[in-house]
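Structural characterization, general
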Amino acid sequence: MDNKILKSSKLVCLLALIPWGLWTLVIILRLLRFAGLINFNVYLGIDIAPIVWYDDEAIVAQYVELAGYAITNIVMISMVFMFIFKSLKGMDVNEVFTRSNVRLLYVMAAVSFFYELFVANRGILYGSREVVLDTAPFTTPLVVLVVAVFYRLALHAYEENRLTI
């Protein structure tokens, strides 16, 4: 593979780690604020605020939302980091496309439905009593699934080209 293309691809992967690192920091701050371990509020579009706990039977919805939000964010962040690191590792040995990344993309497509659903309903933690169901839980998994299918096709073409040389 061309050394210039390889270097620019590695640079793009490394630069992609910056927004995901910031996303991780925001999630950590939110979870610390939810747990009451830090005591400041930020409302600049990132909602690091305290949970407004209900005092009736709706508190179960808040626990489900909190657990789902925390778990799906941690899983999505972990999968994105794994995807990028496996891609970087593959570039070191001249294997840009890997089978493990195909599986990872399929799992991401499945998890992204729940991730988007819990993110859309984060308002439940701040006192909202309505469940929001918008298009993101349906479109994001489909987009990730299409990327996974194209990635799999690229892997297949890459493997065939490697065998014919």
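Let us look at the structure shown here.

The rules behind the values
Residues numbered from 1 in each chain as written. Predicted model: local features only at pLDDT ≥ 70, side-chain atom pairs only at ≥ 80, totals over all residues. Heavy atoms only, no water. Helix = DSSP H or I, 4+ residues; strand = E, 2+ residues; numbered from the N terminus. Polar contact = N/O pair within 3.5 Å; in protein donor to acceptor, adjacent residues only side chain to side chain. Contact = heavy atoms within 4.5 Å. Core = buried A, V, L, I, M, F, W, Y, C linked by side-chain atoms within 4.5 Å. Buried < 20%, exposed > 50% of the residue type's maximum accessible area, 1.4 Å probe, protein only.

Observations concerning the side chain of asparagine 121
Among the structural elements, asparagine 121 can be located in the loop between α3 (99-120) and α4 (136-164). Looking at asparagine 121, its side chain comes within polar contact range of the main-chain oxygen of leucine 117, at 2.8 Å. Other than its neighbours up to four places away in sequence, asparagine 121 contacts Glu65, Glu130, Val131 and Val132.

Quick look at the environment of serine 9
With respect to the element layout, serine 9 can be found in helix α1 (residues 3-35). Between the C-alpha atoms of serine 9 and serine 87, which are 78 residues apart in sequence, the distance is 9.5 Å. Among the polar contacts made by the side chain of serine 9, one reaches the main-chain carbonyl oxygen of isoleucine 5 at a distance of 2.8 Å.

Quick look at the nonpolar core
Ranked by internal contacts, the top residues of the largest apolar core, which has 30 residues, are Trp23, Phe34, Met76, Met79, Ile84 and Met108. Secondary-structure elements contributing two or more residues to this core are α1, α2 (59-92), α3 and α4. With nine residues, the top contributor of residues to this core is α2. Sequence-distant contacts of isoleucine 84, defined by excluding residues within four places in its chain, comprise Cys13, Ala16, Leu17 and Trp20.

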